[in-house]
Amino acid sequence: ETAVFQTPNYHVTQVGNEVSFNCKQTLGHDTMYWYKQDSKKLLKIMFSYNNKQLIVNETVPRRFSPQSSDKAHLNLRIKSVEPEDSAVYLCASSYGGANTGQLYFGEGSKLTVL
Amino acid sequence: TQTVSQSDAHVTVFEGDSVELRCNYSYGGSIYLSWYIQHHGHGLQFLLKYYSGNPVVQGVNGFEAEFSKSDSSFHLRKASVHWSDSAVYFCAGTPTGYQNFYFGKGTSLTVIP
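Residues numbered from 1 in each chain as written. Chains lettered and ligands numbered in written order. Predicted model: local features only at pLDDT ≥ 70, side-chain atom pairs only at ≥ 80, totals over all residues. Heavy atoms only, no water.

(A) View of the environment of A:Arg62. Residues and elements named next belong to chain A. Counting through the fold element by element, arginine 62 comes out in the loop between strand 6 (53–57) and strand 7 (64–67). Take arginine 62: its relative accessible area is 86%, and that puts it in the exposed class. Sequence-wise, arginine 62 and leucine 76 are 14 residues apart; in three dimensions their C-alpha atoms are separated by 12 Å. (Helix = DSSP H or I, 4+ residues; strand = E, 2+ residues; numbered from the N terminus. Buried < 20%, exposed > 50% of the residue type's maximum accessible area, 1.4 Å probe, protein only.)

(B) Structural context of the nonpolar core. Residues and elements named next belong to chain B. Among the nonpolar cores identified, the biggest contains 26 residues, and Trp35, Leu47, Leu48, Phe74, Leu76 and Tyr89 are the most heavily contacted of them. Every element with two or more residues in this core is listed here: strand 2 (10–14), strand 3 (19–21), strand 5 (31–38), strand 6 (44–50), strand 8 (64–68), strand 9 (73–78), strand 10 (87–95) and strand 12 (107–112). Broken down by element, the residue count for this core peaks at four residues, all from strand 5. Beyond its immediate stretch of four places on either side in the chain, leucine 47 contacts Trp35, Tyr36, Ile37, Gly59, Val60, Phe63, Leu76 and Tyr89. (Core = buried A, V, L, I, M, F, W, Y, C linked by side-chain atoms within 4.5 Å. Contact = heavy atoms within 4.5 Å.)

(C) Region of the structure containing the pattern of salt bridges. Residues and elements named next belong to chain A. In this structure the tally under the stated criterion is seven salt bridges over all chains. Residues glutamate 84 and arginine 63 are paired through a salt bridge, measuring 3.7 Å at the closest nitrogen-oxygen approach. Placement of the pair is glutamate 84 in the loop between strand 8 (75–78) and strand 9 (87–94) and arginine 63 in the loop between strand 6 and strand 7, with a sequence separation of 21 residues. Between arginine 63 and aspartate 85 there is a salt bridge; the shortest N-O distance is 2.8 Å. Linking arginine 63 in the loop between strand 6 and strand 7 with aspartate 85 in the loop between strand 8 and strand 9, this pair joins segments that are 22 residues apart in sequence. For the pair arginine 63 and aspartate 85, one class covers both residues: buried. Ionic contacts of the salt-bridge type, sharing partners, join the residues Arg63, Glu84 and Asp85 into one network. (Salt bridge = Lys/Arg side-chain N within 4 Å of Asp/Glu carboxyl O.)

(D) Region of interest: the state of the cysteines. Per the counting criterion, the structure on display carries two disulfides over all chains. Here A:Cys23 engages in a disulfide with A:Cys91; their sulfurs sit 1.9 Å apart. Residues A:Cys23 and A:Cys91 are joined by a disulfide whose S-S torsion is about -80°; by sign, that bridge is left-handed. One end of the pair, A:Cys23, is in strand 3 (residues 19–25); the other, A:Cys91, is in strand 9, and 68 residues separate them in sequence. Neither A:Cys23 nor A:Cys91 differs from the other in exposure class; each is buried. Note that B:Cys23 is cross-linked by a disulfide to B:Cys91, the S-S spacing being 1.9 Å. One quick way to see it: the torsion about the S-S bond of B:Cys23 and B:Cys91 is about -65°, and its sign makes the bridge left-handed. On the criterion of sequence distance, the pair formed by B:Cys23 in the loop between strand 3 and strand 4 (24–26) and B:Cys91 in strand 10 is long-range, its members being 68 residues apart. (Disulfide = S-S within 2.5 Å.)

Dropping the structure here:
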């Protein structure tokens, strides 16, 4: 049963456009994450928010920015997309940060940049 | 530097066979280890986790994993696979005090009916 909701599930756009992905969790968790999954299925952490505070910010291009209104929402904005941004973006949540050993994922948002 | 590695990119078995998917970690201290399954076109789903205690942990759908400190391993097993177990399996590790889940490269399991 899905409790981490991502929209949109698919998005096709052209180079230079702006894209936003939304994520909401209904689990009452206090930590949310964005992962990028490339065409080889490799998972890379992009951002992590704990109670609206950024606690992990891996080296990602500046055109990516996380946005959080409360602990249940973590959106991802890409200001000017590049071809290498084509990937599946996965939102996840956990309770008590990473030291619970358990993440809950959304279904993913697939971005195709033409 | 902490590392989780999955040595097998692809594993193919027949329905009803047993299977073991391998995961090794490199970290000297305490670490949370977990396994996830990803069916095609979907997000990852949690299967099981280990931190301490009984080294054999049970998960959903008949999966289990065994932690070995001496081998630095956390292998996933299932006694009798079903075609619906075909998916990509990810091992993840979080060293105590770290704020990130580090994922292996994944193992694609194909179960032939």
